[in-house]
Amino acid sequence: MSEVKVIEINESVFADNDKTAEEIRVKLTDQKTFFMNVMSAPGSGKTTFLISLINRMKDKFKIGEMDVDIETSLDAQKVADATGVESIQIHNGGLCHIDADMVSRALQEYDTEGLDLLILENIGNLVCPAEFDTGAHKNIMLLSVPEGDDKPLKYPLMFSVSDLVIINKIDTLDYFEFDVKLAEKRIKSLNPEAVVIPVSAKTGEGIERVIEWILEERKNI
Ligand SMILES: Nc1nc2c(ncn2[C@@H]2O[C@H](COP(=O)(O)OP(=O)(O)O)[C@@H](O)[C@H]2O)c(=O)[nH]1
Ligand SMILES: [Mg+2]
Ligand SMILES: [Zn+2]
């Protein structure tokens, strides 16, 4: 089993979130590390998708992954075992989100120098992670088919702050009432700039398009 480092971090009361987030972005931009924050409800497929993505990219790019969880190290361990890339677990003291100060303190203990890509798997939650800039260059969210195509209407902020919305689990479309076109229309009405890509983390369908998007966005940092 790969060894996963665990970092315990509690919320700082004094954090000036946006300032800290900008400092993180500047540092990572300077070293050409593209930082992506991945958000979704619990169970939408973040860990499964990231394993599939990392395994397709790891031969050409140096990738690091951070997982936030309330107290287990299950996801970081899963990613490390399934991909072999360095993965760290942040225990955030029971909070339902991660803020820039927590990322900053994690990065003091995690050497990201030389990484092409740094990925944060955020806490499973469609509400408050959307309110905190983590210092990422881009926000990615997953909406999975079983959750329903009405979620953009119910959680507008999450869709408004996401640069890329991945519609995951499209291998299950036959079993659920989910209209991909309607979901896309609802997402674009909240966030006209958002890119929407349907994917199956399970079969791999659509993941190459996500990689193209990442490589294009990485050029612009
Ligand atoms: N059918 C199907 N199941 C998926 C897909 N992606 C993830 N899952 C399943 O959904 C469940 C939750 O996935 P996980 O990656 O742990 O979600 P997370 O909580 O967002 O990290 C697991 O049982 C996965 O096997 C997919 O594309 N298709
Ligand atoms: Mg997970
Ligand atoms: Zn929260």
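The paragraphs below set out a description of the structure included in this document. Being a predicted model, the structure only gives us computed values, none of them experimental. (Residues numbered from 1 in each chain as written. Chains lettered and ligands numbered in written order. Predicted model: local features only at pLDDT ≥ 70, side-chain atom pairs only at ≥ 80, totals over all residues. Heavy atoms only, no water.)

1. As for the coordination of the zinc ion (ligand 3)
Phase 1: With distances of 2.0 to 2.2 Å, the protein atoms coordinating the zinc ion (ligand 3) are Cys96 (SG), His97 (ND1) and Cys128 (SG).
Phase 2: Sequence spacing of the donor residues for the zinc ion (ligand 3), all on one chain, is C-H-x30-C.
Phase 3: Under the relative-accessibility criterion, Cys96 is labelled partly exposed at 36%.
Phase 4: Judged by its relative accessible area of 6%, His97 falls in the buried class. (Donors = N, O, S within 2.8 Å, 3.2 Å for Na, K, Ca; no water. Buried < 20%, exposed > 50% of the residue type's maximum accessible area, 1.4 Å probe, protein only.)

2. Structural notes on unusual backbone geometry
Phase 1: Phi angles above zero are rare outside glycine, and Lys32 is one such case at about 60 degrees.
Phase 2: By the secondary structure assignment, Lys32 is in the loop between helix 1 (17–30) and strand 2 (34–40).
Phase 3: Look at Lys32 and you get partly exposed, because its relative accessible area is 45%.
Phase 4: Residues other than glycine seldom take positive phi values, yet Lys169 does so here, at roughly 70 degrees.
Phase 5: In this structure, Lys169 sits in the loop between strand 7 (164–168) and helix 7 (180–190). (Helix = DSSP H or I, 4+ residues; strand = E, 2+ residues; numbered from the N terminus.)

3. Notes on the site of ligand 1
Phase 1: Taken together, 17 residues lie near ligand 1, and Gly43, Lys46, Thr48, Asp171 and Ala201 sit nearest.
Phase 2: Between an oxygen atom of ligand 1 and a side-chain N or O atom of Glu121, the distance comes to 3.2 Å.
Phase 3: Contact between ligand 1 and Ala201: an oxygen atom at 2.9 Å from a main-chain N or O atom of the residue.
Phase 4: Bound to the protein, ligand 1 loses 71% of the 580 Å² it would expose on its own.
Phase 5: Of all the elements, helix 2 (residues 46–57) adds the most residues to the shell around ligand 1, at three residues. (Near = heavy atom within 4 Å. Polar contact = N/O pair within 3.5 Å; in protein donor to acceptor, adjacent residues only side chain to side chain. Areas by Shrake-Rupley, 256 points an atom, 1.4 Å probe, with all protein chains shown as cover.)

4. A few points about the coordination of the magnesium ion (ligand 2)
Phase 1: Distances from the magnesium ion (ligand 2) to its protein donors, Thr47 (OG1), Asp75 (OD) and Glu121 (OE), fall within 2.1 to 2.2 Å.
Phase 2: The buried category is assigned to Glu121, whose relative accessible area is 4%.

5. Quick notes on the packing of helix 1 against helix 4 (residues 100–109)
In a pair of packed helices, the angle between the axes and the distance between the axes together describe the arrangement.
Phase 1: One can describe the packing of helix 1 onto helix 4 by two numbers: an axis separation of 8 Å at closest approach and a directional angle of 40 degrees. The angle between helix 1 and helix 4 falls in the class oblique. As for the relative orientation of helix 1 and helix 4, their crossing is left-handed in sense. On the side of helix 1, the interface is formed by Asn17, Thr20, Ala21, Ile24 and Leu28, while helix 4 contributes Ala100, Asp101, Val103, Ser104 and Leu107.
Phase 2: Residue composition of the contact of helix 1 with helix 4, by class: six nonpolar, three polar and one charged. (Axes fitted to C-alpha atoms, helices over the stretch in contact; angles between N-to-C directions. Parallel < 35°, antiparallel > 145°, perpendicular 65-115°, else oblique. Left-handed = near helix turned anticlockwise from the far one by under 90°. Contact = heavy atoms within 4.5 Å. Nonpolar A, V, L, I, M, F, W, Y, C, P; charged D, E, K, R; others polar.)

6. Remarks on the pairing of strand 6 (residues 138–144)
Phase 1: In terms of burial, strand 6 is largely enclosed, as six of its seven residues are buried.
Phase 2: In terms of strand pairing, strand 2 meets strand 6 through five bridges, oriented parallel. Considered in strand 6, the bridge of Met36 is made with Lys138.
Phase 3: By the bridge criterion, five bridges tie strand 6 to strand 7 in an arrangement that is parallel. Residue pairing across strands places Leu143 opposite Ile167, the latter belonging to strand 7. (Pairing = 2+ DSSP bridges.)

7. What to know about the side chain of Ser40
Phase 1: Note on placement: Ser40 falls in strand 2.
Phase 2: Engagement of the side chain of Ser40 in a polar contact is seen with the side chain of Lys46, the distance being 3.0 Å.
Phase 3: Leave out the neighbours within four places in its chain, and Ser40 touches Lys46, Ile123, Gly124, Asn125, Leu126 and Leu142.

8. Focus on the sheet that holds strand 4 (residues 86–91)
Phase 1: The eight strands are arranged 1-4-3-5-2-6-7-8 in an open sheet whose pairing can be described as parallel. Of all strands in the sheet, those bounded by a partner on one side alone are strand 1 (5–8) and strand 8 (195–198). Neighbour-to-neighbour, the strand axes of this sheet turn through a mean angle of 20 degrees, independent of strand direction.
Phase 2: Note: strand 7 against strand 8, four bridges, orientation parallel. Pairing of Val165 across the sheet is with Val196, part of strand 8.
Phase 3: Helix-sheet contacts for helix 2 involve strand 2, strand 3 (63–69), strand 5 (117–121), strand 6 and strand 7, and the interaxial angle to strand 5 is about 170 degrees.

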